[in-house]
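Structural description and commentary
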Amino acid sequence: MTVVRELEDESAREIVKLFVDAGLIYITSLISPYRKDHDSCRAMLLDTNFIKARLLEDVFMNMPLELCKARDSKSCLKLARAGKIKGFTSIDNPYEPPQNCEVQIQQKDGDCPTPGVMAREVVSYSEEKGYLQHHL
């Protein structure tokens, strides 16, 4: 599973780099359980003109495992705990949270924000940073 995940992350990084090189804003959702993988993605993108465009931002969806279990419609967490899925992040494979994320979305007063509220947080941050300015 780790080798597959590393290949998937590497492929995703290369795709992101193509979009960035084309001057586009690209949003991707990856589970990067190891800081080394996360850091290598940042390093690769720093080698391009990515920083000139000031678009490299991390959004950390910091949700408790209990919430993930409650939303697990395919019972993947249950299967992983039963040993039927190996290498599952946060069950038998570690998760190292990012240390320097720009946006962290988490529960507030025990309530999970709705998808719309979470999206507005990211959009608001992007607007504040000037990433969504119209260029005519």
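Chains are numbered independently. Their residues run from 1 in the order of the written sequence. With the structure being a predicted model, the display of local features is reserved for residues of pLDDT at least 70 and the display and counting of side-chain atom pairs for 80 or more, all residues being used for whole-chain, interface and lining totals. Excluding hydrogens and water, the side-chain figures rest on all heavy atoms present in the structure.

For the protein chain, the name recorded in an unreviewed UniProt entry is Adenylyl-sulfate kinase 3, with Theobroma cacao as its organism. Under the heading Pathway (unreviewed entry), UniProt records this for the protein chain: "Sulfur metabolism." UniProt positions are given in the numbering used here, feature names are shortened, and annotations may be inferred rather than shown by experiment.

So, the overall build of the protein chain
Broken down by element type, the protein chain carries 6 helices and 2 strands. A run of H or I in DSSP becomes a helix once it reaches four residues, and a run of E becomes a strand once it reaches two; helices and strands are each numbered from the N terminus. Ordered by position from the N terminus, the helices and strands of the protein chain form the series α-α-α-β-α-α-β-α. Evaluated residue by residue, the protein chain yields a buried proportion of 26% over its 136 residues. Contact definition: two residues touch when any of their heavy atoms are within 4.5 Å. Residue pairs in contact within the protein chain that sit at least 24 positions apart in sequence constitute 64% of those at least 6 positions apart. Whether a residue is buried, partly exposed or exposed follows from its accessible area with a 1.4 Å probe, protein chains only, as a fraction of its type maximum: under 20%, in between, or over 50%, in that order.

Digging into the nonpolar core
Put simply, buried Ala, Val, Leu, Ile, Met, Phe, Trp, Tyr and Cys residues joined by side-chain atoms within 4.5 Å make one nonpolar core. Within the largest apolar cluster, 7 residues are counted, these being Met63, Leu67, Val103, Ile105, Met118, Tyr125 and Tyr131. When contributions to this core are tallied by element, the ones reaching two or more residues are strand 2 (103-106) and helix 6 (115-128). In contact with leucine 67, not counting residues within four places along its chain, are Gln107 and Cys112.

Some details on the pairing of strand 2
Only one face of strand 2 is covered, namely the one carrying Val103 and Ile105; the face carrying Gln104 and Gln106 has none of its residues buried. We call two strands paired when DSSP finds no fewer than two bridges between them. With 4 bridges joining them, strand 1 (residues 59-62) and strand 2 adopt parallel strand pairing. Opposite phenylalanine 60, over in strand 2, you have glutamine 104 as the bridge partner.

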